[in-house]
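Chain residues, written in single-letter form:
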Amino acid sequence: MNFIAPINTDNLLSEAEKENLYLKLLEQVNKDFNFANEPIDFPLSTKPVELKIQLHEKVYRLIQHKFAEYLNLLYIIDVPEAEVKKLDGSDLVELSEQIVFLILKREWQKVWFRNRL
């Protein structure tokens, strides 16, 4: 079975739930943010909509106030630089929403592949 990248954040989160891998996705997000020294601790009770909103706020704050840490986070998670460069950075709210999708997409890829082996 081939990995098919989700088209947006909502699609990704519902796919993760459908495959019973949402909790593993949460754990992966927590792990990578902590590894990048940007502590985040989503309890396993975090609903997909809460995850989306809170990640958006976190990424928005990082872009605004801690840009070097934001770049480090993208590096640690292994978000493809080419995809980030394609984004329009003129609207920070929109940009941070798109970055959250790229982060979740990469994290989902890791979880998905690990559970196929």
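Residues numbered from 1 in each chain as written. Predicted model: local features only at pLDDT ≥ 70, side-chain atom pairs only at ≥ 80, totals over all residues. Heavy atoms only, no water.

Draft legend 1. Representation of the pattern of salt bridges in the model. Scanning all chains against the criterion turns up ten salt bridges. Linking Glu81 and Lys85 is a salt bridge whose minimum nitrogen-to-oxygen distance equals 3.0 Å. A residue pair is termed a helical-turn pair when its members lie 3 or 4 positions apart in one helix, as Glu81 and Lys85 do in helix α5 (residues 81-85) at four residues. Comparing Glu81 with Lys85, the two get one shared label, exposed. Residue Lys110 pairs with Glu107 through a salt bridge whose shortest N-O separation is 3.2 Å. (Salt bridge = Lys/Arg side-chain N within 4 Å of Asp/Glu carboxyl O. Helix = DSSP H or I, 4+ residues; strand = E, 2+ residues; numbered from the N terminus. Buried < 20%, exposed > 50% of the residue type's maximum accessible area, 1.4 Å probe, protein only.)

Draft legend 2. Looking closely at the layout of surface pockets. In this structure, the largest pocket spans a volume of roughly 250 Å³. Looking at the lining of the largest pocket, its residues break down into nine nonpolar, no polar and three charged. Taken as a whole, the second largest pocket encloses approximately 170 Å³ of empty space. Lining the second largest pocket we find Ile7, Asn8, Thr9, Asp10, Lys52, Ile53, His56, Glu97, Val100 and Phe101. Listing elements by their share of the lining of the second largest pocket, those giving two or more residues are α1 (9-18), α3 (48-65) and α6 (92-114). Of the residues that constitute the lining of the second largest pocket, the class distribution is four nonpolar, three polar and three charged. (1 Å grid on protein atoms, 1.4 Å probe; cavity = no way out; pocket = protein on both sides within 12 Å on 5 of 7 lines; lining within 4 Å. Points joined across faces, edges and corners; volume = space filled by probe spheres on them. Nonpolar A, V, L, I, M, F, W, Y, C, P; charged D, E, K, R; others polar.)

Draft legend 3. Just the nonpolar core, in detail. Ranked by size, the top nonpolar core spans 33 residues in total, and within it Phe33, Leu51, Leu55, Ile99, Ile103, Leu104 and Trp108 carry the most contacts. Of all the elements in the fold, those that place two or more residues in this core are α1, α2 (22-35), α3, α4 (67-77) and α6. If you tally residues by element for this core, the top one is α6, at ten residues. (Core = buried A, V, L, I, M, F, W, Y, C linked by side-chain atoms within 4.5 Å.)

Draft legend 4. Local environment of the side chain of Glu38. Relative to the helices and strands, Glu38 resides in the loop between α2 and α3. We classify Glu38 as buried; its relative accessible area is 3%. Polar contacts involving the side chain of Glu38 include one to the side chain of Lys66, which spans 3.2 Å. (Polar contact = N/O pair within 3.5 Å; in protein donor to acceptor, adjacent residues only side chain to side chain.)

Draft legend 5. A look at unusual backbone geometry. At Asn20, a position not held by glycine, the phi torsion is positive, near 55°. Within the element layout of this structure, Asn20 appears in the loop between α1 and α2. Asn20 sits in the exposed class, given a relative accessible area of 69%. Phi at Asn37 takes a positive value of approximately 60°, unusual for a residue other than glycine. Looking at Asn37, the relative accessible area reads 64%, which means it is exposed.

Draft legend 6. Quick look at the packing of α4 against α6. Packing of α4 against α6 leaves a shortest axis separation of 10 Å and a crossing angle of 25°. For the element pair α4 / α6, the angle class is roughly parallel. Once α4 is placed against α6, the crossing between them reads as left-handed. Residue-level contacts link Tyr70, Leu73, Leu74, Ile76 and Ile77 of α4 to Ile99, Ile103, Arg106, Glu107 and Lys110 of α6. Class assignment for the residues of the contact of α4 with α6 results in seven nonpolar, no polar and three charged. (Axes fitted to C-alpha atoms, helices over the stretch in contact; angles between N-to-C directions. Parallel < 35°, antiparallel > 145°, perpendicular 65-115°, else oblique. Left-handed = near helix turned anticlockwise from the far one by under 90°. Contact = heavy atoms within 4.5 Å.)

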